[in-house]
Every structure is written in C-alpha cells, then in structure tokens.
Amino acid sequence: GAGVSQSPSNKVTEKGKDVELRCDPISGHTALYWYRQRLGQGLEFLIYFQGNSAPDKSGLPSDRFSAERTGESVSTLTIQRTQQEDSAVYLCASSFPRASYNEQFFGPGTRLTVL
Amino acid sequence: AQTVTQSQPEMSVQEAETVTLSCTYDTSENNYYLFWYKQPPSRQMILVIRQEAYKQQNATENRFSVNFQKAAKSFSLKISDSQLGDTAMYFCAFGAGYALNFGKGTSLLVTP
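What counts, and where the lines are drawn
Position numbers for residues count from 1 along each chain, tracking the sequence in the order it is written. Here every chain gets a letter starting at A, and every ligand a number starting at 1, in the order they are written. With the structure being a predicted model, the display of local features is reserved for residues of pLDDT at least 70 and the display and counting of side-chain atom pairs for 80 or more, all residues being used for whole-chain, interface and lining totals. To obtain the side-chain values, all non-hydrogen atoms of the structure were included, while hydrogens and water were left out. Note on disulfides: each one is a pair of cysteine sulfur atoms within 2.5 Å. Helix and strand labels come from DSSP, where a helix needs a run of H or I of at least four residues and a strand needs a run of E of at least two; each type is numbered from the N terminus. Any residue under 20% of the maximum accessible area for its type is buried, any over 50% is exposed, and the rest in between are partly exposed; the area is computed with a 1.4 Å probe on protein chains only. Any two residues having at least one pair of non-hydrogen atoms within 4.5 Å are treated as being in contact. Salt bridge, as used here: a side-chain nitrogen of Lys or Arg that lies within 4 Å of a carboxyl oxygen of Asp or Glu. Whenever two N or O atoms come within 3.5 Å, that pair is a polar contact, provided that in protein one can donate a hydrogen and the other can accept it, and provided that, for residues adjacent in sequence, both atoms are side-chain atoms. Note that Gly is not counted as nonpolar here; it falls among the polar residues with everything else outside the nonpolar set of Ala, Val, Leu, Ile, Met, Phe, Trp, Tyr, Cys and Pro and the charged set of Asp, Glu, Lys and Arg. Under the pairing criterion, centres of Phe, Tyr and Trp rings, with the six-membered ring standing for Trp, must be within 6.5 Å; the plane angle then separates stacked pairs below 30 degrees from edge-to-face pairs above 60, leaving the rest tilted.

Looking now at the state of the cysteines. Counting across every chain of the model gives two disulfides over all chains. Each sulfur in the disulfide pair cysteine 23 of chain A and cysteine 92 of chain A lies 1.9 Å from the other. As the torsion about the S-S bond is roughly -65°, the cysteine 23 of chain A-cysteine 92 of chain A disulfide counts as left-handed. You can see cysteine 23 of chain A sitting in strand 3 (residues 19-24) and its partner cysteine 92 of chain A sitting in strand 9 (residues 88-95), a full 69 residues away along the chain. Between cysteine 23 of chain B and cysteine 92 of chain B runs a disulfide, and the two sulfur atoms are separated by 2.0 Å. In this structure the cystine formed by cysteine 23 of chain B and cysteine 92 of chain B twists about its S-S bond by roughly -70°; its chirality is therefore left-handed. Of the two residues, cysteine 23 of chain B is situated in the loop between strand 3 (19-21) and strand 4 (24-26) and cysteine 92 of chain B in strand 10 (residues 88-95); the sequence distance between them amounts to 69 residues. Each member of the pair, cysteine 23 of chain B as well as cysteine 92 of chain B, carries the same accessibility label: buried.

This part is about the interface of chain B and chain A. The interface of chain B with chain A comprises 20 residues on the first partner and 26 residues on the second. Run the count over chain B and chain A and you get zero salt bridges. Our enumeration of links across chain B and chain A arrives at seven residue pairs in polar contact (both at pLDDT 80 or more). Per element, the largest residue contribution to the side of chain B that touches chain A is four residues, and it comes from strand 5 (residues 33-39) of chain B. Here the residues of the side of chain B that touches chain A are counted per class, giving 11 nonpolar, six polar and three charged.

Our focus in this paragraph is the environment of proline 61 of chain A. All names here are of chain A. Residue position: proline 61 is located in the loop between strand 6 (53-56) and strand 7 (65-69). The sequence separation of proline 61 and glycine 3 amounts to 58 residues, and the corresponding C-alpha distance is 27 Å. Excluding residues that lie within four positions of it along the chain, proline 61 makes contacts with Arg36 and Leu46.

Turning next to the packing of aromatic side chains. All names here are of chain B. Per the counting criterion, the structure on display carries 16 aromatic pairs over all chains. Seen in terms of ring centroids, tyrosine 25 and phenylalanine 94 are 5.9 Å apart; in terms of plane orientation they differ by 40°. Their pairing is tilted. Pair noted here: tyrosine 25 is in strand 4 and phenylalanine 94 is in strand 10, with a separation of 69 residues, a long-range link. On the accessibility criterion, tyrosine 25 (5% relative accessible area) is buried. Look at phenylalanine 94 and you get buried, because its relative accessible area is 0%. Ring plane angle 50° and centroid distance 5.9 Å describe the contact between tyrosine 37 and phenylalanine 102, whose orientation is recorded as tilted.

Structure representation (structure tokens):
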C-alpha cells in the first residue's frame with residue numbers, strides 16, 4: 001500500500017498564527033511518531049502515539065505544541081502562536097507496535113517557515 | 001539519556017570507491033538497536049541498514065555494511081562501490097524504546 005503521507009508539503013505562516021500539520025500513517029501501523037528537523041540538524045523526537053494514546057509527550061518543546069490521533073489513523077500536530085524558532089521540517093513516522101525493534105517508515109515531511 | 005555523535009559533517013567520495021561514515025553513541029542500555037538512515041534532497045528518510053545490539057555479526061545489505069563495536073560504542077557505515085545515487089545526508093540513529101535518537105548527520109557527495 002501507500003507509504004506515510006504528510007500535508008501540506010510546505011507551509012509559510014506569520015508569527016503568532018496557529019498551524020496544523022497532518023500525517024497519514026501506513027495502514028496497520030499502530031505506532032506513530034513526530035520528529036522535528038531544524039536546518040542542518042538531526043531529527044528531534046517530539047511525541048509518540050500507540051493507537052490514539054500518547055504515552056510519551058516529553059519531546060514537545062512547549063505548551064504551544066499539541067498533537068492528537070484519531071484511532072490508529074490520522075494524526076495532527078498543532079502549533080499555536082507560532083514563533084520563528086518553530087521553523088523546521090516536521091517529519092512523521094509510523095511502525096508496527098514494537099517501535100524501535102521495527103523499522104520506522106517516514107513521510108516526506110512538512111517544511112514550516114514562520115515569518 | 002542516549003546521545004549519538006557523527007563527527008564528519010561532510011564527506012566526498014569518487015564513484016565506485018569505498019567510503020566509511022563514523023558514528024559513536026553513549027548509552028547505559030544493554031538491549032538496543034542501531035540504524036543508518038539516508039535522506040536525499042527529497043527529504044524522504046530511507047532505512048539503509050539496521051543492527052541489533054545482541055548480535056555480534058555485523059549487518060550487511062548489498063553494498064552497505066556496518067562495523068559494530070559494542071564495547072567501544074561505535075557503529076560505522078561502509079558504502080562499497082559508491083554510486084551517484086548515494087549522494088545524500090546519512091543519519092545514525094539509536095533506539096532502545098520507541099523514539100529514535102539521531103545524530104546530526106553526515107552529508108555525503110559522490111562525484112563522477
């Protein structure tokens with residue numbers, strides 16, 4: 001079937017606006033992850049979902065960041081009152097339940113630019 | 001906390017030659033997995049190779065192989081017979097739970 005998809009591919013917003021980023025995981029993958037990749041950096045873990053519950057939100061950088069997931073399907077990452085330091089590529093990945101013991105399949109990411 | 005260090009920000013290799021990318025990590029875990037991911041300009045992260053820490057045998061996938069030294073906490077990637085399509089960012093990653101910890105990456109350029 002199809003791989004992980006993310007939308008939009010690119011998003012330009014003004015400082016202070018809210019944005020929503022969407023991730024559609026591979027069908028049957030119960031685990032879903034969000035990562036942030038700043039320019040010239042590696043990936044930074046944000047949040048992990050198992051089904052629609054998020055046992056680990058420790059990577060969310062501030063309370064302006066939140067995420068939810070509908071069942072074992074779509075997830076949205078919301079950033080409220082965006083700041084320029086939020087500019088980055090936001091990557092979503094999905095896997096079968098046993099997380100790092102199984103390959104995480106990544107989407108193409110959403111490039112967020114905050115002006 | 002686990003940290004992953006890639007000490008080579010950029011590397012270059014000629015087509016058909018062999019290149020080795022370095023990665024070291026720090027952890028107190030005994031059971032974990034190590035990964036090399038490739039990220040071409042399309043931004044798509046692609047798994048290149050995976051190594052289970054409990055396996056002594058080094059993983060191999062076609063032209064890609066690793067040198068896993070558990071005691072030294074070292075996990076290098078060797079690319080043999082380099083091809084132009086290997087040009088990309090390469091990230092080393094560590095996984096002991098569910099999240100992966102990534103290094104900052106090595107930009108590899110394969111030249112004709």
